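# Residue-level structural notes
What follows is the residue order along each chain.
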Amino acid sequence: MGAIEEVYEDLDTEVEFEEFEAAVEDKVEQMGGLADEETAAMLIAHELRDEEADTIADIEPGMNEVKFLGKVTAIGEVRTFERDDDEAEEGRVCNVDVADASGSVRVALWDDMAAAAEEELEVGQVLRVMGRPKEGYSGLEVSADKVEPDEDAEVDVQVLDTYRVEDLTLGASDVDLVGQVLDTDSIRTFDRDDGSEGRVANLTVGDETGRVRVTLWDGKADLAEEFDPGEVVEVGDGYVRERDGDLELHVGDRGTVERVDEDVEYVPETTDIADLEIGQTVDVGGGVIETDPKRTFDRDDGSEGQVRNVRIKDETGEIRVALWGDKADREIELADRVVFTDVEIQDGWQDDLEASANWRSTVTVLEGESDAADAAGGGRSGGDRDADETGLGAFAEDGQKAAAEAVAGEGGEDEAGGAGGAAAATAERSGEAVEFTGTVVQTGDPVVLDDGQRTKTVETDASLRLGEEITVRGPERDGTIDADDVF
């Protein structure tokens, strides 16, 4: 047995020996005598091993050629196109989506294979595919060189007509998903490598199994401005990609997002405020007990940014939430019930924890007002709640009472100073004089003070420094103290 035969015998491949031998001879010729047949055979064997994909998730753009097994999940229409050679006959292509337990990929079948697919292929068939991976218009795709049905092979993958969030897997395409809009972002532009301008926007949708960020490209970006949080939409012909470790559902030229008349429940699993720790990225929810005006600032690159702080309370505690960028424009009022997802817990002023809502976060204002009686500790304790009544489920239905307690501090003797909290709220509404001591966290007009528990806006002509601790006294109207005395 020769050197080529010995290497081939140790190789687990479907490549015929004659094809392998021809590749070895080509390799010897390419290397100009620098490699003998045995060395060339080992190089070809190494290339073939690299091309074997155990699962679809192993396929990457740039691999020379891959072979894998997958179940047909969708079959597209056969399309025709004109070739560059005017005398050549019309070309044909058919896109077929195949999947295994690890993910999904689009396979492009050309000419005779495309015609055969239209007549012979069926959803649910298992195929052995050999082809070249590349980055296509809608993500990774494989340009097929050879496709064969395998009636004996089994692939454990479920073919779905409509997906839920928990069903999404990396690489899945032709995804139809119905969900409730939780948040929307503004349209952003970017420059492509070819000099053209691209457009992108995001919305976040959720169902009973979870939530997912939907990325809308170019002509579809305008859809983000057509929907409001709380509406139910159906995303059609989406494809799943990964960003920063999270799955996203992308909508390109073929995709759609349409309003539908369906009931979809999204129940967030929020973390109790008392359990928050610095460095976590979590979902938090509660009743709004304080709101600050939006502030602008200059970034290092000269652009203008904006931020707004609100404070929320659940039955275990309270925390300030900083809303950055577009999030600062969300309409959030006192006594609203709000859920913030993917917020980063940071060290705030005076060792007080702060939640930062950035571009990845979502802000959802729920229907009805919050029950600050529970949030203030006047309701049931965490141990008394039913197993399925967590996060926002802990808010009671008595919104009017909650709003009054949230603003007036009627949550018991240990909340906002008991009766003193109610008196302070009365003073604020009537414009009576109040006194407040805090650290200057913003100078200018207006001044903003923070005492580690509350934030107050102050109108004053006094010259103040950031970080300075001061006391102000004066009438308070609509959350702003008109300082007569500063000391």
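Being a predicted model, the structure only gives us computed values, none of them experimental.

## Concerning a negative patch on the surface
The grouping of Glu 6, Glu 9, Asp 10, Glu 25, Asp 26, Glu 29, Asp 36, Glu 37 and Glu 38 at the surface amounts to a negative patch. Of all the secondary-structure elements, those providing two or more residues to the negative patch are helix H1 (3-9), helix H2 (17-30) and helix H3 (37-51). Structurally, the position occupied by Glu 9 is in helix H1.

## Topic: the environment of Ala 45
Locating Ala 45 in the fold gives a position in helix H3. The class of Ala 45 is buried, set by a relative accessible area of 1%. The sequence separation of Ala 45 and Asp 10 amounts to 35 residues, and the corresponding C-alpha distance is 9.1 Å.

## What about the packing of aromatic side chains?
By the definition in use, this model includes 5 aromatic pairs. Look at Tyr 8 and Phe 20: their rings are 5.4 Å apart centre to centre, the planes differ by 50 degrees, and that puts the pair in the tilted class. Taken together, the residues Tyr 8 in helix H1 and Phe 20 in helix H2 connect sequence positions 12 residues apart. Each member of the pair Tyr 8 and Phe 20 is classed as buried. For the pair Phe 81 and Trp 110, a centre-to-centre distance of 5.9 Å together with 85 degrees between the ring planes defines the contact as edge-to-face. Pair noted here: Phe 81 is in strand E2 (residues 79-81) and Trp 110 is in strand E4 (residues 103-110), with a separation of 29 residues, a long-range link.

## Digging into the pairing of strand E12 (residues 246-251)
Sheet topology places strand E10 (residues 210-217) next to E12; 4 bridges connect them, and they run parallel. Directly across from Thr 215, in E12, lies its bridge partner His 250. The sheet contact formed by strand E11 (residues 232-243) and E12 spans 5 bridges and is antiparallel. Bridging across to E12, Val 240 finds its partner in Leu 249. Between E11 and the antiparallel strand that follows it, E12, lie 2 residues; Asp 244 among them carries a positive phi value of about 50 degrees.

## Remarks on the confidence of the model for the protein chain
Residues at a pLDDT of 70 or more form 82% of the protein chain, whose mean pLDDT is 79. By mean pLDDT, helix H6 (residues 399-408) is the weakest element of the protein chain at 35, and strand E13 (residues 256-259) is the strongest at 95. For residues 372-430, every residue scores under 50 in pLDDT, and the model assigns this stretch 85 contacts once sequence neighbours within four places are set aside.

## Quick notes on the nonpolar core
Grouped together as the largest cluster of nonpolar side chains are 23 residues, with contacts concentrated most on Val 175, Leu 177, Val 205, Val 214, Leu 216, Leu 249 and Val 257. Every element with two or more residues in this core is listed here: strand E7 (175-184), strand E9 (197-207), E10, E11 and E12. Apart from the residues lying within four places of it in its own chain, the contact partners of Val 214 are Ala 201, Asn 202, Leu 203, Val 205, Val 235, Leu 249 and Val 251.

## So, helix H4 (residues 112-120)
The set of residues buried in H4 consists of Ala 114, Ala 115 and Ala 117. Axial view of H4: buried residues confined to an arc of 155 degrees, hence all on one face. In H4, the exposed positions that point more than 90 degrees away from the buried face belong to Asp 112, Glu 119 and Glu 120. Where H4 is buried, its residues contact strand E3 (91-100) and E4.

Each value, and the rule that gives it
Residues numbered from 1 in each chain as written. Predicted model: local features only at pLDDT ≥ 70, side-chain atom pairs only at ≥ 80, totals over all residues. Heavy atoms only, no water. Patch = residues over 30% accessible without salt bridge, like charges linked within 9 Å, V, L, I, M, F, W, Y side chains within 5 Å. Areas by Shrake-Rupley, 256 points an atom, 1.4 Å probe, with all protein chains shown as cover. Salt bridge = Lys/Arg side-chain N within 4 Å of Asp/Glu carboxyl O. Lys, Arg positive; Asp, Glu negative; His and termini not counted. Charge placed at Lys NZ, Arg CZ, Asp CG, Glu CD. Helix = DSSP H or I, 4+ residues; strand = E, 2+ residues; numbered from the N terminus. Buried < 20%, exposed > 50% of the residue type's maximum accessible area, 1.4 Å probe, protein only. Phe/Tyr/Trp six-rings, centres within 6.5 Å; stacked < 30°, edge-to-face > 60°. Pairing = 2+ DSSP bridges. pLDDT = per-residue confidence, 0-100. Contact = heavy atoms within 4.5 Å. Core = buried A, V, L, I, M, F, W, Y, C linked by side-chain atoms within 4.5 Å. Arc of directions from axis to C-beta.

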